[in-house]
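Secondary and tertiary structure notes
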Amino acid sequence: MQFSEILIASYENHARERESSASNEFKEQEKHEFQKYLRSERRNTILELGCGPGHDARSFQEQGFQILAIDAAPTMVQLAKQKGVNARILDCYDLDQMVETFDAVYSMNCLLHIPQNDILHILDLISARLNEGGLLYLGLWGGEDFEGIWEKDRYEPKRFFSFRKTETLLSVVHQSFEVEYFRRIEAQKSMFFNSLISRKR
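Please read these numbers as outputs of a predicted model, since none were measured by experiment.

1. Some remarks on the overall build of the protein
Along the backbone of the protein there are seven helices and nine strands. Projected onto its principal axes, the C-alpha coordinates of the protein cover approximately 45 × 40 × 35 Å. Considering only contacts within the protein whose residues lie at least 6 apart along the sequence, 67% involve residues at least 24 apart. In the structure as shown, the protein presents an accessible area of about 9,500 Å², 46% of it carried by carbon and sulfur atoms. Looking at the protein, you have 25 positive and 31 negative side-chain charges, and the mean spots of the two groups are 4 Å apart.

2. With respect to the sheet that holds strand β2 (residues 66-71)
Across the sheet, seven strands lie side by side as β3-β2-β1-β4-β5-β9-β8; this open sheet has mixed pairing. Edge strands, defined here as strands with exactly one partner in the open sheet, are β3 (87-89) and β8 (177-188). Across the sheet, the mean angle from the axis of one strand to that of its neighbour is 15 degrees, orientation sign disregarded. As paired strands, strand β5 (residues 130-142) and strand β9 (residues 191-200) are joined by eight bridges and run antiparallel to one another. Looking at β9, one finds that Leu-135 is bridged to Arg-199. Packing against the sheet, helix α4 (residues 55-62) makes contact with β1 (45-49), β2 and β4 (102-108), and its axis sits at approximately 175 degrees to β2.

3. Side note on helix α1 (residues 5-13)
An α-helical turn contains 3.6 residues, so any two residues separated by three or four positions project in the same direction. Leu-7, Ser-10 and Tyr-11 are the residues of α1 that are buried. Buried residues of α1, seen end-on, are gathered within an arc of 90 degrees and therefore sit on one face of the element. Relative to its buried face, α1 has exposed residues pointing more than 90 degrees away, namely Glu-5, Ile-6 and Asn-13. Lining the buried residues of α1 we find α2 (15-20), α5 (74-82) and β7 (160-163).

4. Digging into the nonpolar core
Core analysis: the largest hydrophobic core is formed by 57 residues, its most contacted members being Phe-34, Leu-47, Leu-95, Leu-111 and Ile-126. Counting residues per element, this core draws most heavily on β5, which supplies seven residues. Within the second largest apolar cluster, seven residues are counted, among which are Ala-15, Met-76, Leu-79 and Tyr-155.

5. Re the pattern of salt bridges
The full count for this structure, using the stated rule, is 13 salt bridges. Between Asp-153 and Arg-159 there is a salt bridge, and its shortest N-O distance comes to 2.7 Å. For the pair formed by Asp-153 and Arg-159, the shared burial category is buried. The salt bridge partner of Arg-201 is Glu-178, with a shortest N-O separation of 2.3 Å. Placement of the pair is Arg-201 in the segment after β9 and Glu-178 in strand β8, with a sequence separation of 23 residues.

Criteria and cut-off values
Residue numbering note: each chain is counted from 1, following its sequence as written. Since the coordinates come from a predicted model, pLDDT governs what is reported: local features require at least 70, and pairs of side-chain atoms require 80 or more to be given and counted, while whole-chain, interface and lining totals use all residues. Excluded from the side-chain calculation are hydrogens and water; included are all heavy atoms of the structure. In DSSP terms, a helix is any run of H or I states spanning at least four residues, a strand is any run of E spanning at least two, and both are numbered starting from the N terminus. Here, two residues are considered to be in contact whenever any of their heavy atoms come within 4.5 Å of each other. The method behind every accessible area is Shrake-Rupley, applied with a 1.4 Å probe, and residues are considered shielded solely by the protein chains displayed. Counted as positive: Lys and Arg. Counted as negative: Asp and Glu. His and the chain ends are not counted at all. Note on charges: their place is set at NZ of Lys, CZ of Arg, CG of Asp or CD of Glu. Strands were regarded as paired on the criterion that DSSP finds at least two bridges between them. An axis is simply a line fitted to the C-alpha atoms; with a helix, the fit covers only the stretch in contact. Between two such axes, the angle follows the N-to-C directions and lies from 0 to 180 degrees. We call a residue buried when its accessible area falls under 20% of the maximum for its residue type, exposed when it is over 50%, and partly exposed in between, using a 1.4 Å probe and counting protein chains only. Arc, as used here, means the arc of the directions from the helix axis to the C-beta atoms. For our purposes a nonpolar core is just a set of buried Ala, Val, Leu, Ile, Met, Phe, Trp, Tyr and Cys residues, chained together by side-chain atoms within 4.5 Å. Any Lys or Arg side-chain nitrogen found within 4 Å of a carboxyl oxygen on Asp or Glu counts as a salt bridge.

Treat this as a map of the structure, not an account of what it does.
Have a look at this one:
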């Protein structure tokens, strides 16, 4: 399942809301942890998957990194461009259409919409966009293995999610990358946020 018209419509409907929302403090802390890795290895170029309105991409730019941000929702890309971000409309299933390679890939919750049957393929596409020894940051909600339309979703139309237990997520990522940093944060009742920094094999 790619970013379906329903999923794109959902983010289009809530683009302005996401534009005005503030990031969680724990997510900012994890982003800074990733930046420490990048600086220590003098890695400068970043590809962001699912950039939304471009808050994180702009933050990386302000820290001196060179970033290309992609999203499947046109309004999100427009909002990112308005912040001076180099952004383009692209589905993560189409990463093989790109010719650029990067020192790092950054993805905050984007891969929540990738079905279990497709996740290894997407990770392989990400790996192909990374330079030798490149780094991947993944931030993902989890806590249980669930896949389907999430009926508790307050967005309309309701979105498809693929939540994974921590053990499931680590097992999947390890097939394509070496996990070098992991933190599991209990951010909400019965909901955990998994933060990973992994290296291309």
